[in-house]
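Coordinate inspection notes
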Amino acid sequence: MRVLVVDDEVRLADGVRRGLEAEGFAVDVAHNGVDGLWRARETRYDVIILDLMMPGMSGWKVCEALRAEENWTPVLMLTAKDGEWDQVEALETGADDYVTKPFSFAILVARLRALIRRGAVERPAVLEAGDLWLDPGARKVWRGDVEVALTSREFAVLHHLMRHRGQVLTKRDVIDGVWDDDFEGDPNIVEVYIGHLRQKVDRPFERRSIETVRGAGYRLAVDGG
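Report follows, based on the coordinates. (Residues numbered from 1 in each chain as written. Predicted model: local features only at pLDDT ≥ 70, side-chain atom pairs only at ≥ 80, totals over all residues. Heavy atoms only, no water.)

**Points about the nonpolar core**
Our working rule: Think of a nonpolar core as a cluster: buried Ala, Val, Leu, Ile, Met, Phe, Trp, Tyr and Cys residues, connected wherever their side-chain atoms sit within 4.5 Å. For the exposure calls, accessible area comes from a 1.4 Å probe over protein chains only, and a residue counts as buried if that area is under 20% of its type's maximum, exposed if over 50%, partly exposed in between. Helix and strand definitions follow DSSP, with helices as H or I runs of at least four residues and strands as E runs of at least two, each counted in order from the N terminus. Only heavy atoms matter for contacts: two residues are in contact if any of them lie within 4.5 Å across the pair.
V141, V157, L158, L161, M162 and W179 are the most contacted members of the largest nonpolar core, which totals 25 residues. Elements supplying a minimum of two residues to this core: β6 (127–129), β7 (132–135), α6 (152–163), α7 (171–178), α8 (189–202) and β11 (217–220). Counting residues per element, this core draws most heavily on α6, which supplies six residues. In this view, V157 contacts V174, V178, W179, Y193, I194 and L197; residues no more than four positions away in its chain are not counted.

**With respect to the pairing of strand β2 (residues 26–30)**
Taken residue by residue, a regular strand's side chains alternate between the two faces of the sheet. Put simply, the test is: Two strands form a pair only when DSSP identifies at least two bridges running between them. By definition, the crossover connecting two strands over a helix is right-handed if that path, from the first strand to the second, turns clockwise as seen with the strands pointing away from the viewer.
Alignment of strand β1 (residues 2–6) against β2, held across five bridges, turns out to be parallel. Following the sheet pairing, V5 is matched in β2 by V29. For the segment spanning β1, helix α1 (residues 10–22) and β2, crossover handedness is right-handed.

**Here we look at the packing of α6 against α7**
For clarity, the cut-off: Note on definitions: angles span 0 to 180 degrees between N-to-C directions of axes, and those axes are lines fitted to C-alpha atoms, for helices only across the stretch in contact. When describing relative orientation, an angle under 35 degrees is termed roughly parallel and one over 145 degrees roughly antiparallel, while 65 to 115 degrees is termed roughly perpendicular and anything else oblique. By the definition used in this description, the sense in which the near helix is turned from the far one sets the handedness, with an anticlockwise turn below a right angle giving left-handed and a clockwise turn giving right-handed. The classification used treats Ala, Val, Leu, Ile, Met, Phe, Trp, Tyr, Cys and Pro as nonpolar, Asp, Glu, Lys and Arg as charged, and all other residues, Gly among them, as polar.
Packing of α6 against α7 brings their axes to within 10 Å, and their N-to-C directions diverge by 120 degrees. The orientation of α6 with respect to α7, classified from their angle, is oblique. Remark: the crossing between α6 and α7 carries right-handed chirality. Only D173, V174, G177 and V178 of α7 make contact with α6, whose side of the interface consists of R153, A156, V157 and H160. Partitioned by chemical class, the residues of the contact of α6 with α7 number four nonpolar, two polar and two charged.

**A few points about helix α2 (residues 33–42)**
Stated precisely, the cut-off is as follows: Directions pointing from the helix axis toward each C-beta atom define the arc. Identification of polar contacts relies on pairs of N or O atoms within 3.5 Å, with a donor-acceptor requirement for protein atoms, meaning one able to donate a hydrogen and the other able to accept it, and with residues adjacent in sequence counted only if both atoms are side-chain atoms.
Among the residues making up α2, those that are buried are G33, G36, L37 and A40. Projected down its long axis, α2 shows its buried positions confined to an angular sector of 100 degrees, all on one face. Opposite the buried face of α2, by more than 90 degrees, sit the exposed residues W38 and E42. Of the surrounding elements, those touching the buried residues of α2 are β1, β2, β3 (47–50) and α3 (59–68). The opening residue of α2 is N32, an N-cap whose side-chain oxygen sits 3.1 Å from the backbone nitrogen of V34.

**Concerning the sheet that holds β2**
Either a parallel or an antiparallel arrangement is found when strands of a sheet pair, and the pairing is made through backbone hydrogen bonds. If you walk across this open sheet you meet the five strands as β2-β1-β3-β4-β5, and the pairing is parallel. What marks the edges here is a single partner per strand, and that holds for β2 and β5 (97–100). Taking each pair of neighbouring strands and ignoring which way they run, the sheet shows an average axis angle of 20 degrees. Along the sheet, α3 contacts β3 and β4 (75–79); its crossing angle with β4, the most-contacted strand, is approximately 175 degrees.

**What to know about the sheet that holds strand β9 (residues 146–148)**
Read from one edge of the open sheet, four strands run β6-β7-β8-β9, paired in antiparallel fashion. Each having just a single partner strand, β6 and β9 make up the two edges of the open sheet. Going across the sheet, the axis of each strand differs from the next one's by a mean of 25 degrees, ignoring polarity. Two strands pair when backbone bridges link them, and β6 and β7 are joined in this way by three bridges, in the antiparallel orientation. Counted as the bridge partner of L127 is L134 from β7. Taken strand by strand, α6 contacts β6, β7 and β8 (140–143), and its axis lies near 110 degrees from that of β7. Sheet strands in contact with α8 are β7, β8 and β9, and its direction is about 55 degrees off that of β8.

Structure representation (structure tokens):
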């Protein structure tokens, strides 16, 4: 079982390498994102352990690049960033698991073995509504041939709408699908993000794909408007 460890903390990476080798893994190490991406492209690994914050190229960017190239090697993010939205972004970028530092080595090994048993799983197909396309793995959106830049939260809201295209979603439906369980803010925040999306994926292309259903909520047209 071959593992790639990508982490700029040299002592930690070396400690993980020694521990995994004692468990019977073959381990390669890279100390920045650029080298890690090169190794992941050049060698076939059973699993990749990837730090998020690194010089040269972040773990998010490494994972995003691999998924865009249809490299589905399981990725476990190992990082000190423990915010909920850091985890959400990592998983939506294409990671398969997320472990925060400090960590239990026994748990790390168990999670690695679970990912290896599952193997490389192809990510969800691109979602489409007419000429509006959303790639969950690459975290990219296009209107026709034009790529549309969205923030992480805008992407999450559009992703939720496209997964339920043709259905009417209330503000609470959107909040439950996009925000965490502890959200206690104003539900009208949904209106704000719907407005942002209309400005980016509809109006520049003279479309009206995101419909307001008076008194009920919002609906993404199946044909993309």
